[in-house]
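Each chain, letter by letter, is given below.
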Amino acid sequence: MKKFFIGFAFVSLLIAGVLSYFASGDPDGLDKTVEDTGIAEHAQEHPFSGSTFADYALGGDDKFTGLAGVLGVVVVLALSFGLFWVLRKKSDAR
């Protein structure tokens, strides 16, 4: 089981760090539809638009897309591990 989680983490980091550079910068179908129908004219910036990870890049710089992906994976894996660890400890106590 431990090998599975290590492999999962490795593949996740590889995808986030390497393959993210090959992602298209063009809008997806939903974004395109929102732009074509005029709904985008009423859009407002969300509160975190100026944050570090906004637009899937560090500081809005596309050169750091892979690094933003790796950091995102590390944060999600750490939070998940912490949550599972806490839940396991509670169930062991019962």
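Just so it is clear, the model here is predicted, and its values are computed rather than measured.

On to the overall build of the protein. Secondary structure summary: the protein contains three helices and zero strands in total. When its helices and strands are written in sequence order, the protein yields α-α-α. Taking 12 Å as the expected radius of gyration for a compact globule of 94 residues, we find that the protein reaches 18 Å, considerably beyond that expectation. When its C-alpha atoms are laid out on the principal axes, the protein stretches across 55 × 30 × 25 Å. Taking all 94 residues of the protein together, the buried fraction comes to 13%. Total accessible area computed for the protein in this model is approximately 8100 Å², and 67% of it derives from carbon and sulfur atoms. Where the 8 positive side-chain charges of the protein centre and where its 11 negative ones centre are 27 Å apart.

The positions UniProt marks with the feature "transmembrane region" (unreviewed entry) are residues 64-87. In residues 64-87, helix accounts for 96% and strand for 0%; the two terminal C-alpha atoms are 34 Å from one another.

It is worth spelling out the confidence of the model for the protein at this point. Chain-level statistics for the protein give a pLDDT mean of 83 and a share of 93% at 70 or above. Mean pLDDT across the elements of the protein ranges from a minimum in helix H3 (residues 65-93), with 85, to a maximum in helix H1 (residues 2-17), with 90.

Before going further, it helps to examine the environment of Gly38. Within the secondary structure, Gly38 sits in the loop between helix H2 (29-37) and H3. According to the relative accessible area criterion, Gly38 is buried, its value standing at 16%.

This next bit is on the packing of aromatic side chains. Applying the stated rule across the entire model yields two aromatic pairs. Ring centres 6.3 Å apart and planes at 25° place the aromatic pair Phe4 and Phe8 in the stacked group. With Phe4 and Phe8 both in helix H1 and four residues apart, the pair spans about one turn of that helix. Cluster of aromatic residues (ring-pair linked, three or more members): Phe4, Phe5 and Phe8.

Conventions used here
Residues numbered from 1 in each chain as written. Predicted model: local features only at pLDDT ≥ 70, side-chain atom pairs only at ≥ 80, totals over all residues. Heavy atoms only, no water. Helix = DSSP H or I, 4+ residues; strand = E, 2+ residues; numbered from the N terminus. Rg over C-alpha atoms; globule rule 2.2 N^0.38 Å. Buried < 20%, exposed > 50% of the residue type's maximum accessible area, 1.4 Å probe, protein only. Areas by Shrake-Rupley, 256 points an atom, 1.4 Å probe, with all protein chains shown as cover. Lys, Arg positive; Asp, Glu negative; His and termini not counted. Charge placed at Lys NZ, Arg CZ, Asp CG, Glu CD. UniProt positions renumbered as here; feature names shortened; annotations may be inferred. pLDDT = per-residue confidence, 0-100. Phe/Tyr/Trp six-rings, centres within 6.5 Å; stacked < 30°, edge-to-face > 60°.

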